[in-house]
Amino acid sequence: MRKKSVFLIILFVLPILVAAYFIKVHQSGTQIHHTGRTPYSYNAAIGDGFLLYKDGIYIDGQYRYSALYKKDMHNGGDGKPALVTDDFFGCANIYQGDVIYIDTDYDIIKIDLSSGRKKTLVESNGKGITDMLAIDTKLYYIREKTEGIYCLFGLDMAGGEPGEIKKDISPHYLYHICGCAGVISRDAEKFFVCDTEKGVIDEYENPEDEIQGFLADGTAVFHHQGMVYTKRNPESDRKKVLFEMEHIHRIIFHPDEIMAVTLDEYGLMEIYSYSFEEGKLRKIMNADTLPEDFDDACIVCVPSGGEGAVELIDRENMGITKLYMPDRPEKTAAGDEKQDDGGKLPEKAYSESVSEEDLQILEGLLKDYYKNGFPYDLISYKIAEDNYKGYEYYEDYDVGNILIFKVRTTHEGDGLYRTIIFGRDDTETDWERLNEGY
């Protein structure tokens, strides 16, 4: 029987929260900043002399967690962050002077970092796009074809039309492997290496241990129950153990260094670094917020869902610089009060508007989902705060007919909490799960 740590991850088409907010960096057309599985990092990434990160913005007086900012890291990073776009949903690739990303309408957009000019590369037409990866002139993306069925598509950005490459795959994780894209079958039994022109060019039995990424020569890096090791290819019987440790919560994979983040049952978070050149693992520091990316000079951490400030950790002196949302207005949309809530929604009594009977029903639905519909174990859950930003995506639901829970599971991902959202049309209809994810 396959373990729960395989890639049978069931999520809805358009996850609204931070799990969907992916950032991937290519410093040039051929130099790959990361070669691990996607998403490389969820909310922030360090490019060639700059930081790219997601944060909130006010549009027509309303706070939206949909802005992509760029901060120049030269001269000590003292410059003011610049807005790249205000319609950022996620999955940004910085590539050849452009940013390719999924916008809030779920189209794939290319924006010139210098001029701000935008070009639509792929129109979603209402179909969910769950991940995207640019390699040289090739763009790979996972898109829903019919309900619950996902396919890998490819596009040659030098000229050509989008085309389907592989049907019936997992909606999660694209891998950069020797200039091609790797995907996993929907049943998690096969691993496919794909090319936009040649289609499927290689196929392996998908191992039970989680593939973290591939080195430049195609060597696969795995993680299983605290052991991080390499194999020449996914089917090889020989493995080389890099390091072992307990409570690994996140691994950020670079070609020359791995950053491992542990999170124990008491909430203690620690950051470790493994150097491929030295073959050594060392602890860097304790942390309060999950790292998203790093380079030789700094580590960037982003709080889940934008609830707090982006943090830059200087790797030499361990000093922390906080990046607050730029240009937060002094007044609310009404124009008569100062905004002092950090950009959260005005409080509504969501948690108090649900009866005890309804709450028992919702807790039953929640437990059933994480027992039977999710491949990782449930640790704990709680009702989200009444001013939690996720409610802004469900304005069509009246108070008393919508409730969001924050959930901790054994899955490695963005932030400590996943969220699961339940809603109903009115008090005469049944509750149903609307969405789930980071």
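Relevant structure appears above.
Let us look at the structure shown here. (Residues numbered from 1 in each chain as written. Predicted model: local features only at pLDDT ≥ 70, side-chain atom pairs only at ≥ 80, totals over all residues. Heavy atoms only, no water.)

Moving on, we get to the sheet that holds strand β17 (residues 199–205). Strand order in the open sheet made by the four strands is β14-β15-β16-β17, with antiparallel pairing throughout. Here the strands that pair on one side only, and so sit at the sheet edges, are β14 (175–177) and β17. Pairs of neighbouring strands in the sheet enclose a mean axial angle of 30°, with direction left out of account. Relative to β17, strand β16 (residues 190–195) is paired through six bridges, and the arrangement is antiparallel. Counterpart to Cys-194 in the pairing with β17 is Val-200. (Pairing = 2+ DSSP bridges. Helix = DSSP H or I, 4+ residues; strand = E, 2+ residues; numbered from the N terminus. Axes fitted to C-alpha atoms, helices over the stretch in contact; angles between N-to-C directions.)

Look at helix α1 (residues 356–372): 24 Å from first C-alpha to last across 17 residues, which is about the 24 Å you get at 1.5 Å a residue. Taken residue by residue, α1 has Asp-358, Leu-359, Leu-362, Leu-366, Tyr-369 and Tyr-370 as its buried positions. Down the axis of α1, the smallest arc covering the buried residues is 100°, so these residues share one side. Exposed and oriented more than 90 degrees from the buried face of α1 are Glu-356, Glu-357, Gln-360, Lys-371 and Asn-372. The inward-facing, buried residues of α1 abut β30 (378–383), β31 (402–409), β32 (418–423) and β33 (432–437). (Expected span 1.5 Å × (residues − 1). Buried < 20%, exposed > 50% of the residue type's maximum accessible area, 1.4 Å probe, protein only. Arc of directions from axis to C-beta. Contact = heavy atoms within 4.5 Å.)

What the rule picks out here adds up to 16 aromatic pairs. Considering the side-chain rings of Phe-88 and Tyr-101, the 5.9 Å spacing of their centres and the 45° angle between planes classify their relative orientation as tilted. You can see Phe-88 sitting in strand β6 (residues 88–95) and its partner Tyr-101 sitting in strand β7 (residues 98–103), a full 13 residues away along the chain. Residue Phe-88 shares its accessibility class with Tyr-101, and that shared class is buried. Taking the centre distance of 5.2 Å and the plane angle of 10° together, the rings of Phe-222 and Tyr-229 count as stacked. Each member of the pair Phe-222 and Tyr-229 is classed as buried. (Phe/Tyr/Trp six-rings, centres within 6.5 Å; stacked < 30°, edge-to-face > 60°.)

A word on the pairing of strand β4 (residues 62–72). Direction of pairing for strand β3 (residues 50–59) relative to β4: antiparallel, over a ladder of nine bridges. In the strand pairing of β4, Lys-54 is matched with Leu-68. A loop of two residues connects β3 with β4, the two strands running antiparallel in sequence, and Asp-60 in this loop sits at a positive phi of about 55°. Summarising the sheet, β4 and strand β5 (residues 82–85) pair through three bridges and their orientation is antiparallel. Residue pairing in the sheet places Lys-70 in a bridge with Ala-82 of β5.

Right, let's talk about the pattern of salt bridges for a bit. All told, the structure shown has 13 salt bridges when counted by the stated rule. Across the pair Lys-190 and Glu-203 runs a salt bridge whose closest N-O atoms are separated by 3.6 Å. Of this pair, Lys-190 sits in strand β16 while Glu-203 sits in strand β17, and the two are 13 residues apart along the sequence. For Lys-190, a relative accessible area of 24% corresponds to the partly exposed category. As a salt-bridge pair, Lys-406 and Glu-385 come within 3.0 Å of each other at their nearest N and O atoms. Residue Lys-406 is located in strand β31, and its partner Glu-385 is located in the loop between β30 and β31; the two are separated by 21 residues in the primary sequence. Lys-406 sits in the buried class, given a relative accessible area of 7%. Via salt bridges that share partners, Lys-190, Glu-203 and Glu-205 belong to a single interconnected network. (Salt bridge = Lys/Arg side-chain N within 4 Å of Asp/Glu carboxyl O.)

Relative to the helices and strands, Phe-243 resides in strand β21 (residues 240–244). For Phe-243, a relative accessible area of 5% corresponds to the buried category. With 37 residues separating them along the chain, Phe-243 and Lys-280 place their C-alpha atoms 8.1 Å apart. In contact with Phe-243, other than residues within four places in its own chain, are Gly-226, Met-227, Val-228, Ile-248, Ile-258, Ala-260, Tyr-274 and Leu-281.

Time to look at the sheet that holds β32. Ordered by their spatial adjacency, four strands build an open sheet running β30-β31-β32-β33, and the pairing between neighbours is antiparallel. Taken across any chain shown, the strands that pair with only one partner, and hence form the sheet edges, are β30 and β33. The sheet shows a mean angle of 25° between the axes of neighbouring strands, taken without regard to direction. Across five bridges, β30 lies against β31 in antiparallel orientation. The residue of β31 that forms the bridge with Ser-380 is Arg-408.

For the rest of this paragraph, the subject is a negative patch on the surface. On the surface, a cluster of negative charge is made up of Asp-425, Asp-426, Glu-428, Asp-430 and Glu-432. Classification of Glu-432 as partly exposed rests on a relative accessible area of 46%. (Patch = residues over 30% accessible without salt bridge, like charges linked within 9 Å, V, L, I, M, F, W, Y side chains within 5 Å. Areas by Shrake-Rupley, 256 points an atom, 1.4 Å probe, with all protein chains shown as cover. Lys, Arg positive; Asp, Glu negative; His and termini not counted. Charge placed at Lys NZ, Arg CZ, Asp CG, Glu CD.)

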